[in-house]
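# Architecture and fold: a report
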Amino acid sequence: MHAVLSASSAHRWLECTPSARLEEQFDDSKSPSAAEGTLAHSIAELKVTKYAIEPMSTRTFNSRYNKLKKSELYIADMDTDTEEYLDYIKEIMISYKYIKPFVAVEKKVDFSKYVQDGFGTADCIIIANDDMHIVDLKYGKKNMVMARENPQLKLYALGAIEEYSLFYNIQNVHLHIFQPRMNNIGQFDISVSDLQNWGESIKEIAQMAYMGIGNQVTGEHCRFCKASAICRARANENLELAKYEFKTPPLLTNDEVGAILKQAEDLADWAKKLKEYALSETLKGNSIQGWKAVAGRSTRAFTNIEDVFKRLIDSGIDENMLYEKKPLTLTAIETLLGKKEFESKLSEFITKSEGKPALVDENDKRPALKKESAIDEFLGGNNNE
Ligand code: SF4
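Heads up: these notes are all about the structure in this document. (Residues numbered from 1 in each chain as written. Predicted model: local features only at pLDDT ≥ 70, side-chain atom pairs only at ≥ 80, totals over all residues. Heavy atoms only, no water.)

This part covers the pairing of strand β4 (residues 172-179). For β4, the tally of buried residues reaches 7 of 8 residues, placing the bulk of the element in the interior. Here 7 bridges tie strand β3 (residues 131-137) to β4, and the two strands are oriented parallel to one another. Opposite Asp 131, over in β4, you have Asn 172 as the bridge partner. This β-α-β element, β3 to helix α6 (residues 151-164) to β4, shows right-handed connectivity. Pairing analysis gives 8 bridges linking β4 to strand β5 (residues 184-191), with the strands arranged antiparallel. (Buried < 20%, exposed > 50% of the residue type's maximum accessible area, 1.4 Å probe, protein only. Helix = DSSP H or I, 4+ residues; strand = E, 2+ residues; numbered from the N terminus. Pairing = 2+ DSSP bridges. Right-handed = clockwise from strand over helix to strand, strands pointing away.)

Here's what the structure looks like:
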């Protein structure tokens, strides 16, 4: 069961209060990357449990781990990534000399004091002295998540304070994001009183979100909103682009190019989602004016490849002719070995070419190319005309 106002979508319903109720009208299907994240979390939970909560024999650990490894989503990097996560947890614990911190993993926390019916699951809670750490493992590799003022972690922390403040004198809260696939580790510290003040400050907004009232507000947070394909506010904003007022002079200025590109990126994302939505509607038998669903290009396939090869070999074809030997790609070998073994065994054989200049958002973490190197790279040897 999900909370209407989940901690993980708080960054959205805090900005756009009707979004949580609008999202309820859409399927809750899990993407492949979300399923991959769930598996990585289960492995991480097992490792932290063994280290910090429930000592278990190697046999028990291996048997539980092997069950998880059987998943078709398992890749060797999950072992390394969760090992790094475990090291991070260990470091926090070891930083408290002479005491054994309290640790809880995959802990359901209730923050309904601030957000109606609000609850969620914190990956790892560590309490020692008057400190409480909330550590969140993020397994995505596309969107970097920041610890600073992160509302999801703040809500987990408020729930954990409700749960544990009777037993521990918690004064300081440390919120951590550990995102191994983006080399992103972040920490944000806040006092309990500041955190509780923040909790009080969002109560009214949360109540509006629970009731599904208020204005739809578009922004970055729309990207993963389940309603985003047919959200009217997002449509209006995207269609503003079509109304872009082209004044004189006849050529766009660089500032205009920047502004249009920003809108065009969102427009492309929205158009893709709108098309997926329209296809699912037509397949349900609902009509979308001006569009229809048709069968895609069909592909041919053998019903049973072994029978086919037998027939060919029986008819005199040399078996060697039926196979081609292809080397695995660098990425496939890295997936096979896992990052650590790949680097220790093969790093001396790897060269890395400079990437082609790419245009990205100004908030991207990579440093901007200097004028000369961008031009050299882009023009290569063609600049001597
Ligand atoms: S797409 Fe954006 S504006 Fe529309 S409901 Fe979702 S969060 Fe709100």
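On to empty space enclosed by the protein. This structure, assessed with the given rule, holds 2 cavities of 30 Å³ or more. As a volume, the largest cavity reaches approximately 80 Å³. In terms of lining, the largest cavity is formed by 14 residues, of which the most central are Cys 16, Ser 19, Cys 222, Cys 225 and Cys 231. Of the residues contributing to the lining of the largest cavity, the split by class is 8 nonpolar, 5 polar and 1 charged. Two domains share the lining of the largest cavity, each providing at least three of its residues, namely domain 1 (10-211) and domain 2 (228-283). Reported here for the second largest cavity is a volume of approximately 40 Å³. (1 Å grid on protein atoms, 1.4 Å probe; cavity = no way out; pocket = protein on both sides within 12 Å on 5 of 7 lines; lining within 4 Å. Points joined across faces, edges and corners; volume = space filled by probe spheres on them. Nonpolar A, V, L, I, M, F, W, Y, C, P; charged D, E, K, R; others polar. Domains from an automatic or database assignment.)

Bringing the packing of helix α8 (residues 232-239) against helix α9 (residues 254-283) into the picture now. Taken N-terminus to C-terminus, the directions of α8 and α9 make an angle of 135°; their axes are 10 Å apart at the nearest point. Judged by the angle between their axes, α8 and α9 are oblique. Read as a crossing pair, α8 and α9 show a hand that is left-handed. In this structure, α8 contributes Arg 234, Ala 235, Glu 237, Asn 238 and Leu 239 to the contact, and α9 contributes Gln 263, Asp 266, Leu 267, Asp 269, Trp 270 and Lys 273. Of the residues assigned to the contact of α8 with α9, the class counts are 4 nonpolar, 2 polar and 5 charged. (Axes fitted to C-alpha atoms, helices over the stretch in contact; angles between N-to-C directions. Parallel < 35°, antiparallel > 145°, perpendicular 65-115°, else oblique. Left-handed = near helix turned anticlockwise from the far one by under 90°. Contact = heavy atoms within 4.5 Å.)

Quick look at the packing of helix α11 (residues 330-337) against helix α12 (residues 339-346) now. Following both chains from N to C, one finds α11 and α12 inclined at 115°, their axes separated by 6 Å at the closest point. Of the two possible hands of crossing, α11 and α12 adopt the one that is right-handed. Side by side, α11 and α12 meet where Leu 330, Ile 333, Glu 334 and Leu 337 of the first sit next to Lys 339, Glu 341, Phe 342 and Leu 346 of the second. Taken together, the residues of the contact of α11 with α12 sort by class into 5 nonpolar, no polar and 3 charged.

Further remarks concern the side chain of Arg 181. Looking at the secondary structure, you find Arg 181 in the loop between β4 and β5. Among all residues touching Arg 181, those that are not within four sequence positions of it are Glu 36, Ile 75, Asp 81, Tyr 139, Gly 140 and Lys 141.

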